[in-house]
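# Structural description and commentary
Listed here are the chains, written in short residue letters.
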Amino acid sequence: MERLDRILANHGFGTRKEVRRLVRSGAVTVNGKPVLMESDHVDMMNDKIAVDGEPLSVETHRHLMMNKAAGYVCSTKEGEHETVFDLLAPEDRHKYLGGELELVGRLDVDTEGLLILTTDGQLNHELTSPRHHVDKTYLVRLENPVDDESKRSYEAKLKKGIHIQADGKDGEADCLPAQISWGDEDGNRTDDTCRLTISEGKFHQVKRMFAALGNRVEYLKRISIGSLHLDENLAPGEYRDLRAEEIEMMKNGNR
């Protein structure tokens, strides 16, 4: 059960004052009958709400997939760079019944790729909690090409778990085992581009891992989180709602 005015306000029908005028005008019906009190409670699972005769699809949570563009920070605070929330259309930047849109993890300002935004705090926790070890795969282009012998060395060291040096306030650490495969976005085998899959999210982790291997990351793009892959049709900076099956996949632990 939820107050009618809160539902309408969180679905873009204006402020509480504007919603009150809308309801008292008789424009809002519940199960076909006009409702004149904005404080009335509605069963969101069973009641049918309409505004000016148009059915309202009640949405408790919102889940978005974004292809983050380089140059944007994963933050709600504005500073030197624009934030990923600036990429959202104005009509998507409001509070929902389930709360505010929050980032599921973060990407560095110069990193591109898959970013999830959700109002579902429980789902966010399931995907980001260190104890769940959700896999994340990155496309990485390195400064220095790697020969076959070095590739085997990289693979062995990463599989064992590599030690990384401190970075800022994040101290040195031993990383969990990671997997690496070589090839660009089109699947062509190369000496400077690879896919790296890790199951944790330390600060600047991918960059620090390759620094420990004696190389430097020139380009970084996250392409998957668990079984969820970045939609190739999304250009940098674009986003879309997650499909029902994608949400269920994440909720059910199919990662």
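Residues numbered from 1 in each chain as written. Predicted model: local features only at pLDDT ≥ 70, side-chain atom pairs only at ≥ 80, totals over all residues. Heavy atoms only, no water.

This next bit is on the sheet that holds strand E2 (residues 28-30). If you trace the 4 strands from one edge of the open sheet to the other, you get E3-E2-E5-E6, paired in antiparallel fashion. Here the strands that pair on one side only, and so sit at the sheet edges, are strand E3 (33-34) and strand E6 (54-55). Alignment of strand E5 (residues 49-51) against E6, held across 2 bridges, turns out to be antiparallel. Following the sheet pairing, Val51 is matched in E6 by Glu54. (Pairing = 2+ DSSP bridges. Helix = DSSP H or I, 4+ residues; strand = E, 2+ residues; numbered from the N terminus.)

Each aromatic ring pair is specified by the distance between its two centres and by the angle formed by the two planes. Under the counting rule described, the total for this entry stands at 2 aromatic pairs. Note on Tyr154 and Trp182: the rings are 6.1 Å apart at their centroids and 40 degrees apart in plane angle, and the pair reads as tilted. Residue Tyr154 is found in helix H4 (residues 148-160), and its partner Trp182 is found in strand E15 (residues 179-182); the two are separated by 28 residues along the sequence. The pair Tyr154 / Trp182 is uniform in exposure class, with both members buried. Consider the rings of Tyr154 and Phe210, whose centres lie 6.4 Å apart with planes at 55 degrees: the pair is tilted. Of this pair, Tyr154 sits in helix H4 while Phe210 sits in helix H5 (residues 205-212), and the two are 56 residues apart along the sequence. Comparing Tyr154 with Phe210, the two get one shared label, buried. (Phe/Tyr/Trp six-rings, centres within 6.5 Å; stacked < 30°, edge-to-face > 60°. Buried < 20%, exposed > 50% of the residue type's maximum accessible area, 1.4 Å probe, protein only.)

Attention now moves to the nonpolar core. Among the nonpolar cores identified, the biggest contains 37 residues, and Val140, Leu196, Val206, Met209 and Phe210 are the most heavily contacted of them. When residues of this core are traced back to their parent elements, those giving at least two are strand E7 (63-68), strand E11 (112-118), strand E12 (136-142), H4, E15, strand E16 (193-198), H5 and strand E17 (217-225). Leaving out residues up to four positions away in the same chain, Val140 has contacts with Asp192, Thr193, Cys194, Leu196, Val206, Phe210, Val217, Tyr219 and Leu220. Leu4, Val23, Ile49 and Leu97 belong to the second largest nonpolar core, which has 16 residues in total. (Core = buried A, V, L, I, M, F, W, Y, C linked by side-chain atoms within 4.5 Å. Contact = heavy atoms within 4.5 Å.)

Of all 9 residues in E17, 8 are buried; the element is thus mostly enclosed. Pairing of E11 with E17 involves 2 bridges; the strand directions are parallel. The residue of E17 that forms the bridge with Gly113 is Arg222. In this structure, E12 lies alongside E17, joined through 7 bridges in antiparallel fashion. Along E17, the bridge assignment pairs Lys136 with Ile225. Inspection of the sheet shows E17 paired to strand E18 (residues 228-229) by 2 bridges, in the antiparallel sense. Looking at the pairing, Ser224 lines up with His229 of E18. Between E17 and E18, which pair antiparallel and follow one another directly, the connecting turn spans 2 residues, one of which, Gly226, has a positive phi of 60 degrees.

With that settled, consider the environment of Asp52. Within the fold, Asp52 resides in the loop between E5 and E6. Sequence separation of Asp52 and Thr29 is 23 residues, and the distance between their C-alpha atoms is 8.1 Å.

For the structure shown, the criterion picks out 18 salt bridges. Glu38 is the salt-bridge partner of Arg24, the closest N and O atoms lying 3.0 Å from each other. Of this pair, Arg24 sits in helix H2 (residues 16-24) while Glu38 sits in the loop between E3 and strand E4 (41-42), and the two are 14 residues apart along the sequence. The exposure class assigned to Arg24 is partly exposed, which follows from its relative accessible area of 47%. For Glu38, a relative accessible area of 10% corresponds to the buried category. When the shortest N-O distance is used, the salt bridge between Arg243 and Glu246 registers 3.2 Å. (Salt bridge = Lys/Arg side-chain N within 4 Å of Asp/Glu carboxyl O.)

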